[in-house]
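Read off the chains here:
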Amino acid sequence: MTGDTRAAAEPALGEQAIAQAVADEPGPLTTDREDGLDGDGREHPQSVAQAHIYRILTGRSFFELERHFDRYPTIRESLGLDDNLDHSSFSYSMREQFEDMEVFFESYADYVRERIEATLPESLTDPFLAEVDVEDDSEPLPEIPEEAKDEKIRHVRAIMLEETDFDRASNASYEAGSILTPFLEAAQETDAPANIISDNDHEFSIKAAFNAVKQRDADGWHEEFKRVNGRVLSAATGAGMLQGDLDAYIDITVIPYWPQTDDPADGHRQGEPKNGTTYGFHFATLVAHDQEHDKDVAVAVEPYTQDIGPHDLVQRLLEQAEEYVSIDTLRLDSGFESARILKLCRERDITPSVRLKRRGDELKGALAAMSGRFDDYEDYPVTSSEHNLSEKVRVVAEPDWNNANKSDFDAVISNSQQSLDAFNDDDEPDVLDLDDVDDILWKARRPYGTLNYEDSPKRVIRRHKQRWRVENAYAEKKTKLMARTGSRDHGVRVFLFWLSTLLYNGWMLTRKFLRDDFPNHRPKDRGAVELTTFIKKILRLDYG
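Read on for an overview of the structure. (Residues numbered from 1 in each chain as written. Predicted model: local features only at pLDDT ≥ 70, side-chain atom pairs only at ≥ 80, totals over all residues. Heavy atoms only, no water.)

**Quick word on the overall build of the protein**
Selection criterion: For helices the rule is a DSSP run of H or I covering at least 4 residues; for strands it is a run of E covering at least 2, with both sets numbered from the N terminus onward. In this scheme, a residue with accessible area under 20% of its type's maximum is buried, one over 50% is exposed, and one in between is partly exposed, where area comes from a 1.4 Å probe on protein chains only. Only heavy atoms enter the contact rule, under which two residues are in contact if any of them lie within 4.5 Å. All accessible-area figures derive from a Shrake-Rupley calculation using a 1.4 Å probe, and residue coverage is judged against the displayed protein chains alone.
Regarding its fold elements, the protein presents 21 helices and nine strands. Split into buried and exposed, the 544 residues of the protein put 52% on the buried side. Restricting the contact set of the protein to residue pairs at least 6 apart, pairs at least 24 apart contribute 71%. Total accessible area on the protein stands at roughly 25800 Å², and carbon and sulfur atoms take up 43% of it.

Written out as structure tokens, the structure is:
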């Protein structure tokens, strides 16, 4: 077991004084906001907000803030952050969690600066406070012209939609632009296409529109998605996106349907019962993160039906994706802790990380024997009895605050110290006998399995948890693009999911095109076109 043992450097007194001044003030008050950064973390929004105030006061970028907190954990802890966030998470929190508070943060930072200047010696803090911006008489940055947005969106729409094949009926031919309109409007309004058609003047009846969709079954629409999305991905790679070895994760979307009967719909998958929901339509998306351009792109999609196992699902997604991207790391949730999946990743030279369920005496004993907040245990076997297969992984673990508070974890650190007799000839501690330890010793830790043997346990976990930042942003936007329906037809459900994913990728591509043509235009702190604007223009612009 390695842990993180490097001694932390001491920050300058002026930096400590600035951080303490931020921590001593009662605001910015954000206690009504829930943590939305990683799905599991303890990053209280108040602490993240205070970190942003400290960033503004000291003039640091998100990346510089991450490195600063890594080097000086006492600064981070004085602001209330038990663990550091990566720069992408800090950036995401401003875009999504605090999207309407940027001006307030700036004014609050000015207030704290005035308090610092009034109470602390100038020689102590001045070297570390960012210079106050003087009145800028220069011309403000121009905004991206609306006609340029129209041109790029028209171009992307042609890539996405104008070759979509609806002509499957022997007696009818549909233009994609026309038949897609009610479904696009439903996606924009998060409404049912039937309501859109009945409430607006459309040349199609509800029956005609859905008959056009039902001319393809689920497999047919899935093949059509791969063809159309392939055009989008080719355009993205041609524009310089998705280059190099990328981080990726698999997102599972569950769309429940009602009524929940003993006669489930074709194409369903049975999941964990939640709020009375057992059956639903499941979709798996392989999302690649383009760090250079800060874009998340769905590079593969598969309907996840009852007859597909986790290994076959991952294999299909990777085979789809390999035509367009090179995947370096793959983040997986606990449903994919399979020896076959780990072997598949190893054979493809992909480094996986996966949440492990705390089961089995060996894993529980390894967790109980760990010391420090972050530690590891090498060569833990993940086995598959069905296929007589075993894959060894490195187990890394972090505190699980859902099962223990800080005082409990302090006890874990104290009680888990082992004598020299507990070590074997390989200098690895023997796994503890569970009968000899309290359950809290293993319940207090959240384990992950990985083939990454180089990075520290803390870094491995941090990189794995970045998937929550990406997944939260992707899932939120994807949900906003999903038209509602009560249909139990799997083909219709695949089509609507296909459309929402395609619109999301088209939005990413449009933002890249606009930023390439207008690098020095506003807005600089967010995407070149908002999602709602993109959808409205998709609908409003004339084709051709």
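**As for the packing of aromatic side chains**
Here is the rule: For Phe, Tyr and Trp, where Trp contributes only its six-membered ring, two rings pair if their centres lie within 6.5 Å, and the inter-plane angle classes them as stacked under 30 degrees, edge-to-face over 60, or tilted in between.
With the rule as written, the count across this model stands at 11 aromatic pairs. A ring pair is formed by Tyr 108 and Tyr 111, whose centres lie 5.7 Å apart and whose planes are at 50°; its orientation type is tilted. Pair noted here: Tyr 108 and Tyr 111 are both in helix α6 (residues 102-119), with a separation of three residues, about one helical turn. On the accessibility criterion, Tyr 108 (10% relative accessible area) is buried. Classification of Tyr 111 as partly exposed rests on a relative accessible area of 34%. Measuring from centroid to centroid gives 4.4 Å for Phe 283 and Phe 497, while their planes differ by 5°, and the two rings are stacked. Of this pair, Phe 283 sits in strand β3 (residues 277-290) while Phe 497 sits in helix α20 (residues 490-517); the two residues are 214 residues apart in sequence, bridging distant segments of the chain.

**Focus on unusual backbone geometry**
Unlike most non-glycine residues, Leu 242 shows phi in positive territory, near 60°. Following the sequence through the fold, Leu 242 ends up in the loop between α13 (218-238) and β1 (245-256). Positive phi values are uncommon outside glycine, yet Asp 379 reaches one of about 60°. Mapped onto the elements, Asp 379 comes out in strand β7 (residues 375-384). Residue classification places Asp 379 among the partly exposed residues on the basis of a relative accessible area of 41%.

**A few points about the pattern of salt bridges**
In plain terms, the rule: Salt bridges are identified by distance alone: a Lys or Arg side-chain nitrogen within 4 Å of an Asp or Glu carboxyl oxygen.
By the definition in use, this model includes 26 salt bridges. With its nearest N and O atoms 2.7 Å apart, the salt bridge here joins Glu 224 to Arg 227. Highlighted residues: Glu 224 and Arg 227, both in helix α13, separated by three residues, approximately one helical turn. Taking relative accessible area as the criterion, Arg 227 reaches 37% and is therefore assigned partly exposed. Ionic pairing is found between Glu 398 and Arg 446, a salt bridge with its closest N-O pair at 2.9 Å. Here Glu 398 is found in strand β8 (residues 389-399), whereas its partner Arg 446 is found in strand β9 (residues 445-450), with 48 residues between them in sequence. Each member of the pair, Glu 398 as well as Arg 446, is classed as buried. Sharing partners across several salt bridges, the network here consists of Glu 146, Lys 149, Asp 150 and Lys 537.

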